[in-house]
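Residue-level structure breakdown
Chain by chain, the residues:
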Amino acid sequence: MTGSVSRGIAAALILAGSAALAADKAPPVRDVPIGGMIAATIDGKPVSLRVDPGAPGLILMTTPAAEQLGLKGGMMELGYSVGGQGAMQATTVRPMTFGTTPVKRRIGFPSRRKGSADGLWVGRAYATVGDGSIGPGSLPEPVVRIALRAPRAGERTVALPMVDGGGLFGRLSGVFAQIVIGGQPVRVRFDPYHPRTTVTANAASLIAEAQRGTLTGTAEPVEIAFGIVRPVRTMTLATPLAVGPLLLSTLGVRTGDVGSAAAIPEAEADAAPPDPDEIVVTAKGKRDPKHDRLTLGADVLDRCSEIVFDKPAKQVRLTCG
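Here we summarise the structure given alongside this text.

**Overview of the overall build of the chain**
When helices and strands are counted, the chain shows five helices and 20 strands. For the chain, with 321 residues in total, the buried portion stands at 44%. As displayed, the chain offers around 15,600 Å² of accessible surface, 57% of which is attributable to carbon and sulfur atoms.

**Notes on the environment of Q315**
If you trace the backbone, Q315 turns up in strand β20 (residues 315-320). Residues Q315 and V143 lie 172 residues apart in sequence; the distance between their C-alpha atoms is 9.7 Å. In contact with Q315, not counting residues within four places along its chain, are A159, L160, M162, V308, F309 and D310. Polar contacts involving the side chain of Q315 include one to the side chain of R317, which spans 3.0 Å.

**Examining the state of the cysteines**
With the rule as written, the count across this model stands at one disulfide. Disulfide pairing places C304 opposite C320 at an S-S distance of 2.0 Å. The sign of the 90° torsion about the S-S bond sets the C304-C320 disulfide as right-handed. Of this pair, C304 sits in strand β19 (residues 304-310) while C320 sits in strand β20, and the two are 16 residues apart along the sequence. C320 shares its class with C304; the two are buried.

**Structural notes on the nonpolar core**
Of all hydrophobic cores here, the largest spans 61 residues; its most connected members are L49, M61, F98, F190, M235, L294 and L296. Here this core gets six residues from one element, more than from any other, and that element is helix α4 (residues 201-211).

**Points about the pairing of strand β2 (residues 37-42)**
Within a regular beta strand, the side chains point alternately toward one face of the sheet and then the other, so they alternate between its two faces. With six bridges joining them, β2 and strand β3 (residues 45-51) adopt antiparallel strand pairing. Residue T41 lies in a different strand from β3, and its bridge partner there is P46. What sits between β2 and β3 in their antiparallel hairpin is a turn of two residues, with D43 showing a positive phi close to 55°. Strand direction decides the pairing type here: β2 and strand β6 (residues 85-98), joined by two bridges, are antiparallel. By the bridge assignment, T41 is partnered in β6 with T97.

**With respect to unusual backbone geometry**
Look at R212: it is not a glycine, yet its phi comes out positive at around 60°. For R212, the position within the fold is in the loop between α4 and β15 (213-225). Here K314, not a glycine, exhibits a phi torsion of approximately 55°, which is positive. The topology assignment puts K314 in the loop between β19 and β20. We classify K314 as exposed; its relative accessible area is 58%.

**Observations concerning the pairing of β15**
Where β15 meets strand β16 (residues 228-243), nine bridges bridge the pair, whose relative direction is antiparallel. The partner of T214 across the bridge, within β16, is T236. With antiparallel pairing between neighbouring strands as the criterion, β15 and β16 make up a hairpin whose turn holds two residues, including F226 at a positive phi of roughly 55°.

**Considerations on the packing of aromatic side chains**
Taken as a whole, this structure holds three aromatic pairs when the rule is applied. With 5.1 Å between their ring centres and 75° between their planes, Y126 and F226 make a pair best called edge-to-face. Of this pair, Y126 sits in the loop between β8 (121-123) and β9 (132-134) while F226 is found in the loop between β15 and β16, placing the two residues 100 residues apart along the sequence. Here the two residues Y126 and F226 agree in accessibility, since each one is buried.

**Digging into the side chain of R50**
Assignment of secondary structure puts R50 in strand β3. Despite its burial, R50 pairs with no opposite charge, the nearest such side chain being D52 at 4.3 Å. For R50, the residues in contact, after removing those within four places along its chain, are G35, G36, M37, A127, V129, G132, S133, I134 and Y193.

Cut-offs and rules
- Residues numbered from 1 in each chain as written.
- Predicted model: local features only at pLDDT ≥ 70, side-chain atom pairs only at ≥ 80, totals over all residues.
- Heavy atoms only, no water.
- Helix = DSSP H or I, 4+ residues; strand = E, 2+ residues; numbered from the N terminus.
- Buried < 20%, exposed > 50% of the residue type's maximum accessible area, 1.4 Å probe, protein only.
- Areas by Shrake-Rupley, 256 points an atom, 1.4 Å probe, with all protein chains shown as cover.
- Contact = heavy atoms within 4.5 Å.
- Polar contact = N/O pair within 3.5 Å; in protein donor to acceptor, adjacent residues only side chain to side chain.
- Disulfide = S-S within 2.5 Å.
- Core = buried A, V, L, I, M, F, W, Y, C linked by side-chain atoms within 4.5 Å.
- Pairing = 2+ DSSP bridges.
- Phe/Tyr/Trp six-rings, centres within 6.5 Å; stacked < 30°, edge-to-face > 60°.
- Lys, Arg positive; Asp, Glu negative; His and termini not counted.
- Salt bridge = Lys/Arg side-chain N within 4 Å of Asp/Glu carboxyl O.

This is how it looks when you write it as structure tokens:
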């Protein structure tokens, strides 16, 4: 009897020790408060950055902050395209700290070069909040938990696969969730700092076919990113689209960005023809799903309390009511 008790105690101690060891090995978590503002340093100088789940993989500084820090661009400049307009970023790799963690990161800021002859590819700031913006992929912690609002009763958490932008500069494109629509992968971007949910044209056509979507109304100007505004029309879905715990019944369609939305039917049979300014001539060729984007704006993310980017698990966990 004494031996059995001793063995039981030993087993309990082993289990307790294993649990403690597992807890010790749990990946560090960065908790980002509502509003997204965190403190960091660049070259030992303090900066205030907004963690933006929709931001590209560069740490994107404002022009005043870049000048104050004395940042000088190197040979590598990057351009982010939004509907055929470009945001050129001078870049440099600098030492940074987030708390006590020292790292080196590639930093971008609006290019001072003249830009393209047509004036579309120029230096543009991503945002003007704080000293700059940082995406979850650039933070050193393996798990980044971004609070959007206080939790509410009845919320659900759903995990989605996490991917980067693909291609040569995949990680620098940002971090996305991925869903499958009509057998095709579509990257989902989270943008709580813009009011409207939008989708690029090719992805909108997929959604329209799968969920019986129709277009209504005229195009309205909507800011997408880097201050770039694009024409957007409303698409209503007969069958709502599930994105994790969210159900989307309407979307803003970027009718001429990344393909064409010409195949999407109009809600009214006698609808007026599309605005000629929205028509885009695209080269014939195989569709590249890496360029499709469904961007969830504040109109749907207001239903969510947090987004967790779990890099080791390659998951984005979305908690919404």
